[in-house]
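Below, each chain spelled out in residue letters.
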Amino acid sequence: MKENIIREITPLKETDCFLVFDRFKNDFNFPIHYHPEYELNFILNAKGALRMVGDHHDYVDEAELVLIGPKLYHCWMNGNIKREEQIHEITIQFPADLFGDELLKKNVMRPIRDLLHNSFRGIAFSRSTIDQVKDKLVYLSKRRGFDSFLELQSLLFDLANSRDQRFLTNISFQNDFEENNGKNIDVVYQYINQNYQQKLKLEDAAGLINMSVVSFTRLMKQRTGKSFVEFVNEVRIGYATRMLIDSNKSVAEICFDCGFNNLSNFNRIFKKRQGLTPTDFRNSFVGVRNVY
């Protein structure tokens, strides 16, 4: 199962506070995945879609609002969906360190601290809560600058104090996939992350952690489920995704800026990874797309 779970490289940069996607779409096509950021997902008009969070599986109602903690497996699938309107989805992602430990220790932050802690099991919010915060979600997607950050804190505070929260995974569920990747993989990831625009060689990466190519190849496959080339391409596709969403650069420019040296190869890899061509992916985000 784990080799089929994708580590999503989100469009967030280290200097970003959070991002908001507000869009309409026809179906769910992204496979089960995880990422180090928190994710709040609001969905309308998808009754019968299948929600998968950790070891939890269930069909959603007409309105859906779920908070996912860092590194928790999740996805939404078409399931038994029967829709008469387009699916409306607002997704908010923010890094695990957005609220520092010292801030979260303050009394006034306790509700948000508990909410974030509980999100590691996945939290589904009640219909009454959804009705209460729906307008705030839509409003947040249209705000700019520091006001948007204040609105996010207000939204999280409302959710933290809402009733009838439901944990989705069993308390015994452990998601240790990324933790088990080890320090060696972290070193390699940082190397790729800093040099993705350049030509990267398997031999150089193996040398970083003083391993032979054969041993390093085995380690990559065991710990990530991917070859070195596949892992590099995943990081590059993550940067390409951000550029497609957040810039007006052409697909060709993005291709070469992200370290791909062949446009047709970039298109093929991107479609295999995201389920859409780069152009179609960009067009799918014709709604609000803000990074703060």
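Residues numbered from 1 in each chain as written. Predicted model: local features only at pLDDT ≥ 70, side-chain atom pairs only at ≥ 80, totals over all residues. Heavy atoms only, no water.

Further remarks concern the overall build of the protein chain. Of the regular secondary structure elements, the protein chain holds eleven helices and twelve strands. Over its C-alpha atoms the protein chain spans a radius of gyration of 19 Å, differing by no more than 12% from the 19 Å that the globule rule assigns to 292 residues. Along the first, second and third principal axes, the C-alpha atoms of the protein chain reach 55 × 40 × 40 Å. When burial is assessed residue by residue, the protein chain has 49% of its 292 residues classed as buried. Contacts spanning at least 24 positions in sequence make up 75% of the contacts within the protein chain whose residues lie at least 6 apart. (Helix = DSSP H or I, 4+ residues; strand = E, 2+ residues; numbered from the N terminus. Rg over C-alpha atoms; globule rule 2.2 N^0.38 Å. Buried < 20%, exposed > 50% of the residue type's maximum accessible area, 1.4 Å probe, protein only. Contact = heavy atoms within 4.5 Å.)

The next point concerns helix α2 (residues 110-118). Looking at α2, one finds that the buried residues are I112, L115 and L116. Viewed along the axis of α2, the buried residues span an arc of 95°, placing them on a single side of the element. Opposite its buried face, α2 presents the exposed residues R110 and H117, each directed more than 90 degrees away. (Arc of directions from axis to C-beta.)

Of all hydrophobic cores here, the largest spans 35 residues; its most connected members are I192, F216, F228 and F266. Elements that contribute at least two residues to this core include exactly β2 (19-25), α5 (182-195), α6 (202-208), α7 (213-224), α8 (228-246), α9 (251-257) and α10 (263-274). Not counting residues up to four positions away in its chain, the partners in contact with F228 are V188, I192, L200, K201, L202, A205, F216 and M220. The next biggest cluster of nonpolar side chains, apart from the first, holds 31 residues, and it includes F18, L67, I92 and F125. (Core = buried A, V, L, I, M, F, W, Y, C linked by side-chain atoms within 4.5 Å.)

Here the focus is the pairing of strand β4 (residues 38-44). Counting buried positions along β4 gives seven out of seven residues, so the element sits mostly inside the fold. Across seven bridges, the pairing between β4 and strand β9 (residues 87-94) is antiparallel. From the neighbouring strand, Y38 faces β9, where its bridge partner is F94. Where β4 meets strand β7 (residues 63-68), six bridges bridge the pair, whose relative direction is antiparallel. The residue bridging L44 from the neighbouring strand is A63, located in β7. (Pairing = 2+ DSSP bridges.)

What follows deals with the pattern of salt bridges. The full count for this structure, using the stated rule, is eight salt bridges. E89 is the salt-bridge partner of R23, the closest N and O atoms lying 3.5 Å from each other. Here R23, found in strand β2, pairs with E89, found in strand β9; they are 66 residues apart in sequence, far enough to count as distant. Residue E64 is joined to R51 by a salt bridge in which the shortest nitrogen-to-oxygen separation is 2.6 Å. Note that E64 is positioned in strand β7 and R51 in strand β5 (residues 50-53), a separation of 13 residues in sequence. Put simply, R23, K25 and E89 are held in one network by salt bridges that share partners. (Salt bridge = Lys/Arg side-chain N within 4 Å of Asp/Glu carboxyl O.)

Negative charge collects at one region of the surface, where D61, E62, E84 and E85 lie side by side. Here D61 lies in the loop between β6 (56-59) and β7. (Patch = residues over 30% accessible without salt bridge, like charges linked within 9 Å, V, L, I, M, F, W, Y side chains within 5 Å. Areas by Shrake-Rupley, 256 points an atom, 1.4 Å probe, with all protein chains shown as cover. Lys, Arg positive; Asp, Glu negative; His and termini not counted. Charge placed at Lys NZ, Arg CZ, Asp CG, Glu CD.)

Mean pLDDT over the protein chain works out to 86, with 91% of the residues at or above the 70 mark. Looking at the elements of the protein chain, mean pLDDT is at its lowest for strand β12 (residues 288-291), recorded as 60, and at its highest for strand β10 (residues 123-124), recorded as 98. Across residues 176-181 the pLDDT falls below 50, and counting only partners more than four positions away or on other chains, this stretch makes 14 contacts in the model. (pLDDT = per-residue confidence, 0-100.)

Attention now moves to the packing of helix α3 (residues 127-140) against helix α4 (residues 145-160). The axes of two packed helices give the description: the angle between them and the distance between them. Their axes nearest at 10 Å, the elements α3 and α4 cross at an angle of 170°. Taken together, α3 and α4 sit at an angle that is classed as roughly antiparallel. On the side of α3, the interface is formed by T129, Q132, V133, K136, L137, Y139 and L140, while α4 contributes S148, E151, L152, S154, L155, D158 and L159. (Axes fitted to C-alpha atoms, helices over the stretch in contact; angles between N-to-C directions. Parallel < 35°, antiparallel > 145°, perpendicular 65-115°, else oblique.)

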